[in-house]
Amino acid sequence: MDILKTLQTINACHGPSGDENQVADAISEIARPYADEITRDVMGNLIVHKKGNGPRIMFAAHMDSIGFVVTHIEEKGFLRVGRLGGLGVYSCLHIPVRFKNGTKGVVSSSAEDDKKMTVNDLYIDIGTSSKEESEKLIQLGDTAVFDLPAFQMGRRISSPYLDNRISCVTLLMAMEQLREAKNDLYFVFTTQEELGLRGARPAAFGIDPQYGVAVDVTGTDDEPESEHEASSVLGGGAAVKIMDSSVICHPQVVKQLEELAEAHHIKTQRDILRYGGTDAGAIHVSRSGVYTGGISVPCRYIHSPVETADCADIEACSQLIAAFAQATL
């Protein structure tokens, strides 16, 4: 599976938190050859089931992204916006965006002092000159996403929404490696993670897995003047999650992942975050509890339009997912 082309296919879809159907459609088509059953639940989670006789394992990668939501249309046609998820005001300034209906615009700010800028200062210019003109294109509640391309820099990929579309690609790559299912596998592409792990909760409750593995990006510790809030580095391999602010991973799952990596000669590193969270935070407390871990893709510049990851790490993550899927648990 071509990592960049698959990412570009998924990223071409409109998929901010709460409106992930286009992304789910694209992933469903790619996953179909590897699935016994594909369903969606009320929350819009895409559930790809590969049947087996062993324990139920739920792999979860969220397919939603951060974005903008229109909250007001000014008399001169400018769109005031709120944020969907952890949108940083400085990283999205003067960036092109697109709406679901194809309307394009650019983000700017009306703040007099850039150092005091907040999301309330942001607006989107869609090239109109009046409220009436804008209302013919956009309604209150419409959403916009970054409109920048994914591109390759040597072995590294830079793109909007690697968080978490690259983990969706990674799950698909792992599914491609599985010829038959020893365990009962559920590959879940979840919704509304950026708004508080909302999709993973009902998905985990419905599947009732015995094991859960969240697949997401993680912050890196290899940028200049790092404050060491993360432990992973680009090129260091699949990051086996130990903890973040949403979960302390079960020691048994951490051990299993690290032993599998050693047995299959998969390069790994440990993932410790002082901030953030993944679907693991929702999965591990489902029902009476789930043996839960995480496999993370190290990523720089998270929640910016130029998130950056290493292809070797992506491949290592897919191999570790496939190894866990086939393990005796």
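Further up the page is the structure itself.
Reading the values: rules and limits
- Residues numbered from 1 in each chain as written.
- Predicted model: local features only at pLDDT ≥ 70, side-chain atom pairs only at ≥ 80, totals over all residues.
- Heavy atoms only, no water.
- Axes fitted to C-alpha atoms, helices over the stretch in contact; angles between N-to-C directions.
- Helix = DSSP H or I, 4+ residues; strand = E, 2+ residues; numbered from the N terminus.
- Parallel < 35°, antiparallel > 145°, perpendicular 65-115°, else oblique.
- Left-handed = near helix turned anticlockwise from the far one by under 90°.
- Contact = heavy atoms within 4.5 Å.
- Phe/Tyr/Trp six-rings, centres within 6.5 Å; stacked < 30°, edge-to-face > 60°.
- Lys NZ or Arg CZ within 6 Å of the ring centre and 35° of its normal.
- Buried < 20%, exposed > 50% of the residue type's maximum accessible area, 1.4 Å probe, protein only.
- Pairing = 2+ DSSP bridges.

Before going further, it helps to examine the packing of helix α4 (residues 162–177) against helix α8 (residues 311–325). Contact geometry for α4 and α8: axes closest at 8 Å, N-to-C directions at 50 degrees. One finds that α4 runs oblique with respect to α8. Pair α4 / α8 crosses with right-handed handedness. Judged by residue contacts, Ile166, Thr170, Leu171, Met173, Ala174 and Gln177 of α4 engage Ile314, Glu315, Cys317, Ser318, Gln319, Ile321 and Ala322 from α8.

A full pass over the atoms with the stated rule returns 7 aromatic pairs. Three or more aromatic residues joined by ring pairs make a cluster, and in this case those are Phe59, Phe187, Tyr211, Tyr291 and Phe324. A cation over an aromatic ring shows up here: Arg287 above the ring of Phe205, its NZ or CZ 4.0 Å from the ring centre.

Attention now goes to the pairing of strand β2 (residues 46–50). Burial of β2 is extensive: 5 of the 5 residues sit out of reach of the surface. Burial along β2 is two-sided: the residues Leu46, Val48 and Lys50 and Ile47 and His49 are all buried. Count of turn residues in the strand β1 (residues 37–40)/β2 antiparallel hairpin: 5 residues, of which Gly44 carries a positive phi of about 90 degrees. Judged from the 5 bridges that link them, β2 and strand β12 (residues 184–190) form a sheet pairing that is antiparallel. Counterpart to His49 in the pairing with β12 is Tyr186.

A separate point is the sheet that holds strand β11 (residues 156–159). Judged by pairing direction, the sheet is antiparallel, and its 3 strands sit side by side in the order β10-β11-β17 without closing on themselves. Taken across any chain shown, the strands that pair with only one partner, and hence form the sheet edges, are β10 (151–153) and β17 (307–310). If you compare each strand with its neighbour and ignore which way they point, the axes differ by 30 degrees on average. Note: β10 against β11, 3 bridges, orientation antiparallel. Each residue of the ladder has a partner; that of Phe151, found in β11, is Ser158. Lying on the sheet, α8 is in contact with β10, β11 and β17; it crosses β17 at an angle near 65 degrees.

Looking now at the pairing of β11. It is a general feature of regular strands that their side chains alternate between the two faces of the sheet. Between β10 and β11, which follow one another and run antiparallel, lie 2 residues, and Gly154 among them has a positive phi close to 65 degrees. With 4 bridges joining them, β11 and β17 adopt antiparallel strand pairing. Note that in β17 the partner of Ile157 across the bridge is Ala309.

Strand order across the open sheet formed by 8 strands is β1-β2-β12-β3-β13-β16-β14-β15, with mixed pairing between neighbours. Where the open sheet ends on each side, the last strands, each with one partner, are β1 and β15 (268–272). With direction set aside, neighbouring strand axes in the sheet form an average angle of 25 degrees. Relative to strand β16 (residues 291–298), strand β13 (residues 211–218) is paired through 8 bridges, and the arrangement is parallel. The partner of Ala214 across the bridge, within β16, is Gly294. Along the sheet, α4 contacts β2, β3 (56–62), β12, β13 and β16; its crossing angle with β13, the most-contacted strand, is approximately 130 degrees. Docked against the sheet, helix α6 (residues 251–263) engages β13, β14 (238–243), β15 and β16, running at close to 50 degrees with respect to β16.

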